[in-house]
Amino acid sequence: MLKKRARFREVFFGFDIDRVAKMGEADIERLLGDAGIIRHRGKIASTINNAQRVKDVQREFGSFASYIWRFEPHASARPDRLTGEVLKTMAETEASRALSKDLRKRGFSFVGPTTCYAFMQAMGLVNDHLETCFCRAGVEAERQALIRPV
């Protein structure tokens, strides 16, 4: 998947939500022939649908970020100490299940709890760097800055 990231960025207009949301059936057909991406009709259609749903969320909450940060897990829901063993048990969490359920209710697709948890990690809602990781503190500082801008 990572090897195909550049091509995905290209065919989905740099992930510009407005442009992706306007894509249609002709674009899906064209992309199904592009060997540089994963050619799964459902996932391509889902990308377009989800861009449209993001626009709905933006209208309702002002931004997608405002909506997403509502699902940040409370500190009490996080492990006291994050080790490799603990991390192995966290492919999904109560917060990622809640996010997944709400996204599906809003019409999003391909947004299961495991995918949502990976998204939460990537977006900084959770910091899953191990306690022993050299960059954990820096990541946490960045994460806190997102929550409480200076």
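Residues numbered from 1 in each chain as written. Predicted model: local features only at pLDDT ≥ 70, side-chain atom pairs only at ≥ 80, totals over all residues. Heavy atoms only, no water.

Visitor: What should I look at first to understand the pattern of salt bridges in this one?
Guide: Should their charged atoms come close, side chains of opposite charge can pair. Overall, the coordinates contain 18 salt bridges when judged by the stated rule. With its nearest N and O atoms 2.9 Å apart, the salt bridge here joins Arg41 to Glu25. A residue pair is termed long-range when its members are at least 10 positions apart, and Arg41 in helix α4 (residues 41-61) and Glu25 in helix α3 (residues 25-32) qualify at 16 residues. For Arg106, the salt bridge identified is with Glu60, shortest N-O distance 2.8 Å. Placement of the pair is Arg106 in the loop between α7 (94-105) and α8 (113-123) and Glu60 in helix α4, with a sequence separation of 46 residues. A relative accessible area of 23% places Arg106 in the partly exposed class. Note on Glu60: relative accessible area 52%, which makes it exposed. (Salt bridge = Lys/Arg side-chain N within 4 Å of Asp/Glu carboxyl O. Helix = DSSP H or I, 4+ residues; strand = E, 2+ residues; numbered from the N terminus. Buried < 20%, exposed > 50% of the residue type's maximum accessible area, 1.4 Å probe, protein only.)

Visitor: Just checking my understanding: could you explain the nonpolar core for this structure?
Guide: As a rule of thumb, nonpolar side chains are buried together in soluble globular proteins. Counting 18 residues, the largest nonpolar core has Phe64, Tyr67, Ile68, Leu99, Leu103, Phe108 and Met120 as the members making the most contacts within it. Mapped by element, the contributors of at least two residues to this core are α4, α5 (64-68), α7 and α8. For Tyr67, the residues in contact, after removing those within four places along its chain, are Val57, Phe61, Leu99, Asp102, Leu103 and Arg106. Counting residues in each nonpolar core, the second largest holds 12 residues, with Val20, Ile28, Leu31 and Ile44 among its members. (Core = buried A, V, L, I, M, F, W, Y, C linked by side-chain atoms within 4.5 Å. Contact = heavy atoms within 4.5 Å.)

Visitor: Honestly, α4 in this entry has me stumped. Any pointers?
Guide: Residues spaced three or four apart along an α-helix point in a common direction, a consequence of the helix completing one turn every 3.6 residues. Taking 1.5 Å per residue, 21 residues should reach 30 Å; α4 reaches 30 Å between its end C-alpha atoms and fits that length. Of the positions making up α4, those classed as buried are Ile44, Ser46, Ile48, Asn49, Asn50, Ala51, Arg53, Val54 and Val57. Those residues of α4 that are buried lie in contact with α2 (17-21), α3 and α5. Directly after α4, the chain includes Gly62, whose backbone phi takes a positive value near 90°. (Expected span 1.5 Å × (residues − 1).)

Visitor: What should I look at first to understand the environment of Asn49 in this one?
Guide: Relative to the assigned elements, Asn49 resides in helix α4. Taking the C-alpha atoms as reference points, Asn49 and Thr93, separated by 44 residues in sequence, lie 25 Å from one another. If we ignore the near neighbours within four places in the chain, the residues touching Asn49 are Gly107, Phe108 and Ser109. Among the polar contacts made by the side chain of Asn49, one reaches the side chain of Arg53 at a distance of 2.7 Å. (Polar contact = N/O pair within 3.5 Å; in protein donor to acceptor, adjacent residues only side chain to side chain.)

Visitor: I would appreciate a short explanation of the side chain of Asn127 in the present structure.
Guide: Tracing the backbone through its elements, the reader meets Asn127 in the loop between α8 and α9 (136-147). With a relative accessible area of 4%, Asn127 lands in the buried category. There is a polar contact of 3.1 Å between the side chain of Asn127 and the backbone nitrogen of His129. In terms of polar contacts, Asn127 uses its side chain to reach the side chain of Glu140, at 3.2 Å. The contacts of Asn127, once residues within four sequence positions are left out, are Arg78, Leu82, Arg136, Val139, Glu140 and Arg143.

Visitor: In this structure, what is going on with unusual backbone geometry? I would like to understand it.
Guide: Both trends apply: most residues other than glycine have a negative phi, and most peptide bonds are in trans. Located in the positive-phi region is Phe15, a residue other than glycine, with phi close to 60°. Secondary-structure assignment places Phe15 in the loop between α1 (5-11) and α2. Judged by relative accessible area, Phe15 falls into the partly exposed class, the value being 40%.

Visitor: Before we go on, may I ask you to explain the packing of aromatic side chains in this structure?
Guide: One pass over the full model with this rule turns up six aromatic pairs. Ring geometry for Phe64 versus Tyr67: centroids 5.9 Å apart, planes at 35°, classification tilted. Highlighted residues: Phe64 and Tyr67, both in helix α5, separated by three residues, approximately one helical turn. Take Phe64 and Tyr67: they sit in the same class, and that class is buried. Centre to centre, the rings of Tyr67 and Phe71 are 5.4 Å apart; their planes meet at 65°, and the pair counts as edge-to-face. For the pair shown, Tyr67 and Phe71 are each scored as buried. An aromatic cluster is present here, built from Phe61, Phe64, Tyr67, Phe71, Phe108 and Phe119 joined pairwise through their rings. (Phe/Tyr/Trp six-rings, centres within 6.5 Å; stacked < 30°, edge-to-face > 60°.)

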